[in-house]
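Here are the chains, one letter per residue:
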Amino acid sequence: MLASKNLNINEKDGVVYITFPLFDKTNLVNHAFTTRIGGVSEGYYASMNMSFTNGDSERKVFENYRRICAVIGTDPERAVLSQQTHTNNVRIVTENDIGKGIVKGRDYTDVDGLITNISGVTLVTQYADCTPLLFCDKVKKVIATSHAGWRGTASEIGRVTIEKMRDNFDCDPKDIICAIGPSICQGCYEVDDAVFEPLSKIPYLNKDKIFIKKDNGKYQLDLWETNKEILMNAGIREGNIDVTDLCTNCHPDVFHSHRFTKGKRGNLAALIALK
């Protein structure tokens, strides 16, 4: 049975999903990080696959969206889906974007983060080992979600998201709560110099903490701690960050994991909407 000391594990109508304590306490947002459990997809997509573009049936994927949105109280037809390519590009979502990627086409590419202040619009980003980041300014009522794989982390997408919230909505980092969602843990994530070098150039990161050097010349990378340090350097208070203790690669029966399945998998999703 999946257990967590840091996150809330929920089940409703057969759908198992994760929520974050700081976000639950606000009563401002509906949000979730999905698991594999409770959908209708089959085979290695089973059963809750949130991607329309990995070969699964679009009808089944939309039913998965309908199910997760039903249990968290949002409308799948008012959701907006990112178009992720491991950038640090973050899009301000407007009324014109409602439904894009879910019930109508996207007219944007290379978008790994989404921000909005519009109530009832669900922002959606997707994962299968990369790090989910969620944001909520409780004062200005602005939300965001960003996808932080190692490339997005190296380009500090967490900081970029916070700066966009500040520049576009006058958000103060002191008022923003953040979550670092289920993703691959340090013990499971071996990387080489191609990953070490760009991250090692970020001057404020604690290299001794985020990297463990191995005898084979490679490293174990802690994406959770790295993203936490990026958020704190951008002005987020440590007490305003929920950090996962659940690894996608350690729990392949519960989460889709690219590394565990060598790419034969569905996608998880982070969803967040202002009530």
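Here is what the cut-offs are and how they apply
Residues numbered from 1 in each chain as written. Predicted model: local features only at pLDDT ≥ 70, side-chain atom pairs only at ≥ 80, totals over all residues. Heavy atoms only, no water. Helix = DSSP H or I, 4+ residues; strand = E, 2+ residues; numbered from the N terminus. Polar contact = N/O pair within 3.5 Å; in protein donor to acceptor, adjacent residues only side chain to side chain. Contact = heavy atoms within 4.5 Å. Core = buried A, V, L, I, M, F, W, Y, C linked by side-chain atoms within 4.5 Å. Buried < 20%, exposed > 50% of the residue type's maximum accessible area, 1.4 Å probe, protein only. Pairing = 2+ DSSP bridges. Axes fitted to C-alpha atoms, helices over the stretch in contact; angles between N-to-C directions. Phe/Tyr/Trp six-rings, centres within 6.5 Å; stacked < 30°, edge-to-face > 60°.

A word on the side chain of T145
Stage number 1. Mapped onto the elements, T145 comes out in strand β9 (residues 142-148).
Stage number 2. In this structure the side chain of T145 is engaged in a polar contact, spanning 2.7 Å, whose partner is the side chain of T125.
Stage number 3. Once residues within four sequence positions are removed from consideration, T145 is found in contact with D112, G113, L114, L123, V124, T125, Y127, L133, L134, F135, A270 and I272.

Details of the nonpolar core
Stage number 1. By size, the foremost hydrophobic cluster in this structure holds 39 residues, and its most contacted members are F135, M165, I176, L199, L221 and L231.
Stage number 2. By residue number, the principal contributor to this core is helix α4 (residues 157-169), which donates five residues.
Stage number 3. With residues near it in sequence (within four places) discarded, M165 still touches I115, F135, D137, V142, A144, D170, C171 and I176.
Stage number 4. Core analysis: the next-biggest nonpolar cluster, separate from the first, contains 32 residues, L2, V80, V111 and A270 among them.

Section: the sheet that holds strand β1 (residues 8-12)
Stage number 1. Here we have six strands laid out as an open sheet, ordered β1-β2-β3-β15-β7-β4, and mixed in their pairing. Each edge of the open sheet is held by one strand with a lone partner, namely β1 and β4 (79-81). The average undirected angle you get between the axes of adjacent strands in this sheet is 30°.
Stage number 2. As paired strands, strand β2 (residues 15-19) and strand β3 (residues 29-34) are joined by two bridges and run antiparallel to one another. Looking at β3, one finds that I18 is bridged to F33.
Stage number 3. Sitting on the sheet, helix α2 (residues 58-72) is in contact with β1, β2, β3, β4, β7 (122-127) and β15 (268-274), with an inclination near 60° to β2.

Digging into the packing of aromatic side chains
Stage number 1. All chains considered together, the criterion is met by eight aromatic pairs.
Stage number 2. Centre to centre, the rings of Y44 and Y45 are 4.9 Å apart; their planes meet at 50°, and the pair counts as tilted.
Stage number 3. According to the relative accessible area criterion, Y44 is partly exposed, its value standing at 44%.
Stage number 4. When its relative accessible area of 13% is taken as the criterion, Y45 is described as buried.
Stage number 5. Taking 5.5 Å as the distance between ring centres and 5° as the angle between the ring planes, the aromatic pair formed by F52 and Y65 counts as stacked. Placement of F52 in the loop between β3 and α2 and of Y65 in helix α2 is noted, with a sequence separation of 13 residues between them.
Stage number 6. The class of F52 is buried, set by a relative accessible area of 16%.

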